[in-house]
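Report on the structure
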Amino acid sequence: MKSEKKQSILSIRKLNAWYGDRQILINLSFEVQRRQVTALIGPSNSGKSTLVRCLNRLNDFTLNFRFTGEILFKGRDLYASMVDATEVRMQIGMVFRKPIPFRCSIYENVAYGPRISGVNTSVRLDAIVEKSLRRVGLWDEVEPILDGTPDELSIGQQQRLCIARALAVEPDILIFDEPCGELDPMETPKVEALVRNLKADYTLIFVTNKRRQAARVSDFAGFLYCGELIEFGATEKLFTNPQDIRTEQYVTGKLG
Amino acid sequence: MAAKNYNIETENLNLWYGDFQALIDVNVKILAGEITSLIGPSGCGKSTLLRCFNRVNERYGNVTTKGKIQVLGKNIYDADVSLPELRKTVGMVFQRPNPLPISVYENILFGLRIHSPLRSLTRAESDAIVEEALTSVFLWDALKDKLKVRATSLQLEQQQKLCIARLLPLKPQIILMDEPCSALDAKGTLAVEELMSYLAGTYTFLIVTHNMAQARRVSSECIFMFLGELIEHRNTQALFETPHNSKTADYVQMRYA
Amino acid sequence: MDKSKIVFHSIALITLVVVFLFFWYLIENTHTEIGQQPTANSQQPTADSHLYLLLPISLLAILLGVACAFYLEERLPPTNWFRRLIESEVAIFTGIPSLLYGLLAVEIFVSYTLGSSGQGWGVLFYAEVLTFIVLVMPLTIRTTQAALRSVATPIRESAYALGASQWQVLSNQVVPLAFPGILAGCCRAMSRALAAAALLMGIHTWGYTHETAISAGIHSRYVLLLVAALLFSTFFSFLKENPT
């Protein structure tokens, strides 16, 4: 299937990763398509988080971490010596499982990213903050309390605030590492809807251990099992016609 | 079977952490020799209930318990109950494998040594005990040449199996497990589940898990808890396929379809 | 900003200010009074004039300690040999009671002042400075490191994920969160310095002139210093209970 519209933005080639002696990722290769949602599914401790943390170089700070293989972002090696890691993380943002707003006002939370990248006129910051908060559907809820602390928000609102914070730096790719893991069932659909909506402007990578969630939000899906990428392909195909027996067991809920 | 044999019975068990009531009127009977799983959303009190049965809850200050808990027919809140004896009979395995930072061999004998007089074990006896314990958790072949190795340097899966093995020399009747597989990958999880099925019958297992596929695979009885209350306790298959309570149905459906 | 935070910050600051003032007052007075006392050699500085030095030296040692802690904790991995070496040394030095430092200093102090006629002064000065640095720095390093470590990794990672540099993460996120802890550590180190100063002062004036020292009221100031050290430690324990 070669369509003109499809375009790879990130390619992972023969990625192996270790923490100390323990191998976490075994020979992974796949492509992430521009402006699509790519889901990574699998039982817990399969290496999903390790994998996505390689993609924005967050593992740089992890002790005893080492890897082999290549990760190409727009054709450039992410780990090449002249590549600035902070630049990478600005272009490949991340939203974590647990929403962790900074200890400052809601406004400053969203403005943090633009501020550190050099935006300092209040007119522009105001515009960015409003745009980002509108994008995640939080503007109307928080407009009167922009100077208040994020502690007053519900967990779901905090998570959307964290998404807005990540959007404020205008990344190309946004990684979601189990963004609904801490949310209650009422908040989850909002975040899922947001993910589908963001697809128009961003490339999204979505880690989850809930298969139905992956089926709902993603266009492509990869199934990780004990550090190996067992199967990767269009979500629909992976869920309805899996090629590997383990994938089938997983999507039907027998495994993991 | 006419008369079922129960290992644990509770009557109107209530438990508070300070002002917060974590368990509300829990009445439960745990079948001897079976694997019973405890499921429910996080914060529903399943771990708290588990921790009542060997009284480790008391280690956190501010805990008030009311009601009756009978383990093997004996009320564990009676004044003459010895905590070390209780915890010898009711073993526990934790979320993260926590072997002691000593050799594999000493890990297995550790429990026995603290419960028996000094130097009462001969070398041959201890060797036999270690071999038996490791054999019953399928580790003997892998570890028989590594008995002097520090237990914390083993693979996580082996460490968790070792944590089960070290309970066995004390001849416990009941083994409590608090999400024993959450630190393991899928292969390790399957291996530990296989081990539990093998040991069931000899021991009564009570396992807390957030993984419903696991509850379904491994347990014969299943308890669903919600906000501190015991909602449903039935045969696992029945609970998953034809839940009586609508809350159980919601919870089971939420991740299954 | 929540109220408890403001309250604890102000307590810490007020304590620091009060103690500095107290210290200053003490040194000023001690100097003029004792300085007039007759000594064997007029060139030989009197014992308590050295207390002048304690304030800048302790401040210097604290700053040095904080800087050292930042370097160890934020720039070196835990497996680095240098970090491990320093950390084990720090653990040993913090374990030594300040009394021993005081005695050590006095030992050198007294033997030089009494044994020679003024030539010992240079060595003496350095001995004193070193003792104070060795006394104050390890504790500062240790508490500062603990404060830095208490800032949760997820907070750092969220900032990194927005493209912040290591310096930005440190200055915008880590330091503000760790600040109360660092301040508490400095207070603790200061209280340790105070206790040792009291010891130094009390013991070594004795070494000169038993009767004059006591009659000149040094004894009472010595007690005052000890009380100040105690008070300081009490404030410190307040700080420590504040969840940061």
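Given the structure is predicted, the values throughout are model-derived calculations rather than measurements.

Below, the discussion takes up the overall build of chain B. Looking only at helices and strands, chain B features 10 helices and 11 strands. Against the compact-globule benchmark of 18 Å for 257 residues, chain B has a radius of gyration of 19 Å, which places it among compact chains. In terms of overall dimensions, chain B has C-alpha extents of about 55 × 45 × 40 Å along its principal axes. For chain B, the proportion of contacts with a sequence separation of at least 24, taken over those separated by at least 6, is 69%. Per element, the accessible surface of chain B, about 12000 Å² overall, is 50% carbon and sulfur. Averaging the locations of the 28 positively and 27 negatively charged side chains of chain B gives two centres separated by 4 Å.

Right, let's talk about the interface of chain B and chain A for a bit. Contacts between the two partners involve 16 residues from chain B and, on the opposite side, 13 residues from chain A. Each partner contributes to the roughly 1200 Å² buried at the junction of chain B and chain A, and carbon and sulfur atoms together form 53% of this total. The set of elements that each furnish at least two residues to the side of chain B that touches chain A consists of helix 7 (186-199), helix 8 (212-218) and helix 10 (246-255) of chain B. Tallying contributions element by element places helix 7 of chain B first for the side of chain B that touches chain A, with three residues. For the side of chain B that touches chain A, the per-class residue count stands at 10 nonpolar, three polar and three charged.

As a further point, take the confidence of the model for chain C. Residues and elements named next belong to chain C. Averaged over chain C, the pLDDT score is 70; the fraction of residues at 70 or greater is 52%. Mean pLDDT values for the elements of chain C range from 47 in helix 8 (residues 210-215) up to 91 in helix 6 (residues 153-161). Within the model, pLDDT remains below 50 along residues 30-48, and this stretch shows 31 contacts once partners closer than five positions in the same chain are excluded. Between residues 115-120, whose pLDDT stays under 50, and residues either more than four places distant or in other chains, the model counts six contacts. For this predicted complex, the interface confidence comes out at an ipTM of 0.88, alongside a pTM of 0.79.

Residue and element names in this part refer to chain C. A cluster of nonpolar residues, Tyr 71, Trp 81, Phe 82 and Leu 85, forms a patch on the protein surface that exposes about 460 Å² of accessible area. With respect to the secondary-structure elements, Tyr 71 resides in helix 2 (residues 51-75). Tyr 71 sits in the partly exposed class, given a relative accessible area of 43%.

As a further point, take the packing of helix 3 (residues 106-116) of chain A against helix 4 (residues 122-135) of chain A. All names here are of chain A. For the pair helix 3 and helix 4, the least separation of the axes is 9 Å and the interaxial angle reads 115°. Of the two elements, helix 3 crosses helix 4, and the hand of that crossing is right-handed. For the pair helix 3 and helix 4, contact is made by Tyr 107, Val 110, Ala 111, Pro 114 and Arg 115 and by Ser 122, Leu 125, Asp 126, Ile 128, Val 129, Ser 132 and Leu 133, respectively. For the contact of helix 3 with helix 4, the residue count by class is eight nonpolar, two polar and two charged.

Core analysis: the largest hydrophobic core is formed by 111 residues, its most contacted members being Leu10(A), Leu25(A), Ile71(A), Leu133(A), Ile163(A), Phe176(A) and Ile205(A). Residue contributions to this core peak at 11 residues, all from helix 7 (residues 166-208) of chain C. With residues up to four places along the chain from it excluded, the contact list for Phe176(A) reads Val95(A), Ile163(A), Val195(A), Leu198(A), Leu204(A), Ile205(A), Phe206(A) and Val207(A). Among the nonpolar cores identified, the runner-up in size contains 34 residues, and Leu154(B), Leu156(B), Tyr203(B) and Ile207(B) belong to it.

Here the focus is the environment of Met92(B). All names here are of chain B. Within the secondary structure layout, Met 92 lies in strand 7 (residues 90-93). The exposure class assigned to Met 92 is buried, which follows from its relative accessible area of 9%. Spatially, the C-alpha atoms of Met 92 and Met 225 are 20 Å apart, while their sequence positions differ by 133 residues. Apart from residues no more than four positions distant in its own chain, Met 92 is found in contact with Leu 50, Arg 51, Asn 54, Val 56, Leu 167, Leu 176 and Asp 178.

Once that is clear, we can look at the interface of chain A and chain C. Counting from both sides, the interface comprises 20 residues of chain A and, opposite them, 21 residues of chain C. Regarding the contact of chain A and chain C, the summed buried area is about 1800 Å², with carbon and sulfur atoms giving 66% of it. Between the two partners, chain A and chain C, sit one salt bridge. Across the pair Glu157(C) and Arg53(A) runs a salt bridge, and its minimum N-O distance is 2.7 Å. Linking chain A with chain C are three residue pairs in polar contact (both at pLDDT 80 or more). Those elements that place two or more of their residues in the side of chain A that touches chain C are helix 2 (85-91), strand 6 (92-95), helix 3 and helix 6 (155-167) of chain A. Split into classes, the residues belonging to the side of chain A that touches chain C amount to 13 nonpolar, three polar and four charged.

With that out of the way, let us pick up empty space enclosed by the protein. Taken as a whole and assessed by the stated rule, the structure comprises five cavities of 30 Å³ or more. Empty space within the largest cavity amounts to approximately 70 Å³. Sorting the residues of the lining of the largest cavity by element identifies strand 6 and helix 6 of chain A together with helix 6 of chain C as the ones contributing at least two each. Top element by residues in the lining of the largest cavity is helix 6 of chain A. It accounts for four residues. Across the lining of the largest cavity, the residue classes tally to nine nonpolar, two polar and two charged.

So, on to helix 3 (residues 81-95) of chain C. Residue and element names in this part refer to chain C. The terminal C-alpha atoms of helix 3 lie 21 Å apart, and with 15 residues this matches the ideal 21 Å at 1.5 Å per residue to within 8%. Turning to helix 3, its buried residues number three or more, namely Arg 83, Val 90 and Thr 94. Each buried residue of helix 3 lies within a common arc of 30° when the element is viewed along its axis, so the set occupies one face. For helix 3, the exposed residues set more than 90 degrees away from the buried face come down to Trp 81, Arg 84 and Gly 95. N-cap assignment for helix 3: the residue whose side-chain oxygen lies 2.7 Å from the backbone N of Phe 82 is Asn 80.

About the thresholds
Residues numbered from 1 in each chain as written. Chains lettered and ligands numbered in written order. Predicted model: local features only at pLDDT ≥ 70, side-chain atom pairs only at ≥ 80, totals over all residues. Heavy atoms only, no water. Helix = DSSP H or I, 4+ residues; strand = E, 2+ residues; numbered from the N terminus. Rg over C-alpha atoms; globule rule 2.2 N^0.38 Å. Contact = heavy atoms within 4.5 Å. Areas by Shrake-Rupley, 256 points an atom, 1.4 Å probe, with all protein chains shown as cover. Lys, Arg positive; Asp, Glu negative; His and termini not counted. Charge placed at Lys NZ, Arg CZ, Asp CG, Glu CD. Buried area = accessible area lost by both parts, 1.4 Å probe. Nonpolar A, V, L, I, M, F, W, Y, C, P; charged D, E, K, R; others polar. pLDDT = per-residue confidence, 0-100. Patch = residues over 30% accessible without salt bridge, like charges linked within 9 Å, V, L, I, M, F, W, Y side chains within 5 Å. Salt bridge = Lys/Arg side-chain N within 4 Å of Asp/Glu carboxyl O. Buried < 20%, exposed > 50% of the residue type's maximum accessible area, 1.4 Å probe, protein only. Axes fitted to C-alpha atoms, helices over the stretch in contact; angles between N-to-C directions. Left-handed = near helix turned anticlockwise from the far one by under 90°. Core = buried A, V, L, I, M, F, W, Y, C linked by side-chain atoms within 4.5 Å. Polar contact = N/O pair within 3.5 Å; in protein donor to acceptor, adjacent residues only side chain to side chain. 1 Å grid on protein atoms, 1.4 Å probe; cavity = no way out; pocket = protein on both sides within 12 Å on 5 of 7 lines; lining within 4 Å. Points joined across faces, edges and corners; volume = space filled by probe spheres on them. Expected span 1.5 Å × (residues − 1). Arc of directions from axis to C-beta.

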